[in-house]
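Residues per chain are reported as follows:
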Amino acid sequence: SVVNAATRITSEEGVAAFYRGSQPFVMRAMLVGGTQVATYDQFKLLYANFGLTGLANTISSSMSAGLIYSIITMPLETAKNRMAFQTPDPSTGKLPYISTFQTIGAIAKADGPFSLWRGFLPYYGRCGGHTVAMFIAVEQLRAAYRKYLAK
């Protein structure tokens, strides 16, 4: 049960275990907000210049915005996962990852810089799909606002 898991985590790892990985999560969320919306609007204008309108423009712009934000945020997603699932070193009792940038550096040093984008296609599938669904909804809300409220 959830209560049993929370009690066990608290007793075995401490309350701080619930917040492991939150720093890169917050940083990633800020980057997503900045890149997703800004790049969507830019791609929307770009594709409109090529004659793409309506739903085709929305889907193309969304997938492109999702691609850009996936590329930018994947290292933070990798760091978040490593920090969230890290275990203390058996001999020293210390956690291997301390901060977001230290984690990214340690991963790049140990596994190579491209390892920060390992698992990119499923990540992009998740981000791109979410971005398309979100911006289709946004465009529908904009249209409804213009039709019913903006006078």
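Anything mentioned here points back to the structure above.
Residues numbered from 1 in each chain as written. Predicted model: local features only at pLDDT ≥ 70, side-chain atom pairs only at ≥ 80, totals over all residues. Heavy atoms only, no water.

Some words on helix H1 (residues 2-13)
In an α-helix there are 3.6 residues to a turn, and that puts residues three or four apart on one side. The end-to-end C-alpha distance of H1, which contains 12 residues, comes to 16 Å, matching closely the 16 Å that a straight helix rising 1.5 Å per residue would cover. Following H1 by one or two positions, glycine 14 adopts a phi angle in the positive range, close to 90°. (Helix = DSSP H or I, 4+ residues; strand = E, 2+ residues; numbered from the N terminus. Expected span 1.5 Å × (residues − 1).)

Describing the packing of aromatic side chains
Scanning the model with the defined rule gives 3 aromatic pairs in all. With centroids separated by 3.8 Å and ring planes inclined at 5°, the aromatic side chains of tyrosine 40 and phenylalanine 135 adopt a geometry described as stacked. Of this pair, tyrosine 40 sits in helix H2 (residues 22-49) while phenylalanine 135 sits in helix H5 (residues 120-148), and the two are 95 residues apart along the sequence. Taken individually, tyrosine 40 and phenylalanine 135 each receive the classification buried, so the pair is uniform in this respect. Measuring from centroid to centroid gives 6.1 Å for phenylalanine 120 and tyrosine 124, while their planes differ by 0°, and the two rings are stacked. Pair noted here: phenylalanine 120 and tyrosine 124 are both in helix H5, with a separation of 4 residues, about one helical turn. This pair shows no difference in class: phenylalanine 120 is buried, exactly as tyrosine 124 is. (Phe/Tyr/Trp six-rings, centres within 6.5 Å; stacked < 30°, edge-to-face > 60°. Buried < 20%, exposed > 50% of the residue type's maximum accessible area, 1.4 Å probe, protein only.)

Some remarks on the pattern of salt bridges
One pass over the full model with this rule turns up 7 salt bridges. For the salt bridge of aspartate 111 with arginine 82, the shortest nitrogen-to-oxygen distance reads 3.3 Å. Of the two residues, aspartate 111 sits in helix H4 (residues 100-111) while arginine 82 sits in helix H3 (residues 54-84), which places them 29 residues apart along the sequence. On the basis of relative accessibility, which here comes to 39%, the residue aspartate 111 falls in the partly exposed class. We classify arginine 82 as partly exposed; its relative accessible area is 28%. Look at the salt bridges and you will find they share partners, linking Arg28, Glu77, Lys80 and Arg126 into a network. (Salt bridge = Lys/Arg side-chain N within 4 Å of Asp/Glu carboxyl O.)

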